[in-house]
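# Geometric and topological summary
In case you want the letters, here they are:
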Amino acid sequence: QVHVVESGGGLVQPGGSLTLSCAASGLTPDKYEIGWFRQASGKEREGVSCIRMSNGDTYYADSVKGRFTTSRDLANNTVNLQMNSLKPEDTAVYYCAVLPGCEITVKHAMALGDDYWGQGTQVTVSS
């Protein structure tokens, strides 16, 4: 069984920081990737970042480059997303997902099934 849980969302002021965590179980260590996605109200889900569990290589959407950092903790099968310099447009429900690769599309990732996705955590950036 695959189980994915994200946590750490909340309310933060513009310019502030927040760290999200994704815990995955039921997987072979180092044999998968973890992607972060977000979906703002009324908008399509979009990719935020991806990290290869095998070597720690990271990839980011242009909208978050230089502000967000994703990292892995192999011992605990967890991945963090450190979000800095947050903007109101970062407000969304954030999801993590177990992926077969960092190159796949959002639609492909969603088609993997609910077992490979976390439940989502709300991030609200507002003064």
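Turning our eyes to something else, we now look at the state of the cysteines. One way to say it: the disulfide is the covalent bond shared by the sulfur atoms of two cysteines. Here the structure, examined in full by the defined rule, presents two disulfides. A sulfur-sulfur distance of 2.2 Å marks the disulfide that ties Cys-22 to Cys-96. Disulfide Cys-22-Cys-96: torsion about the S-S bond near 80°, hence right-handed. Here Cys-22 is found in strand β3 (residues 18-25), whereas its partner Cys-96 is found in strand β9 (residues 92-99), with 74 residues between them in sequence. When sorted by exposure, Cys-22 lands in the same class as Cys-96, which is buried. A sulfur-sulfur distance of 2.0 Å marks the disulfide that ties Cys-50 to Cys-102. Between Cys-50 and Cys-102, the S-S torsion sits near -80°, and that sign places the bridge as left-handed. Pair noted here: Cys-50 is in strand β5 (residues 46-52) and Cys-102 is in the loop between β9 and α1 (106-111), with a separation of 52 residues, a long-range link. The two residues Cys-50 and Cys-102 agree in class, both being buried.

Scoring rules and cut-offs
- Residues numbered from 1 in each chain as written.
- Predicted model: local features only at pLDDT ≥ 70, side-chain atom pairs only at ≥ 80, totals over all residues.
- Heavy atoms only, no water.
- Disulfide = S-S within 2.5 Å.
- Helix = DSSP H or I, 4+ residues; strand = E, 2+ residues; numbered from the N terminus.
- Buried < 20%, exposed > 50% of the residue type's maximum accessible area, 1.4 Å probe, protein only.

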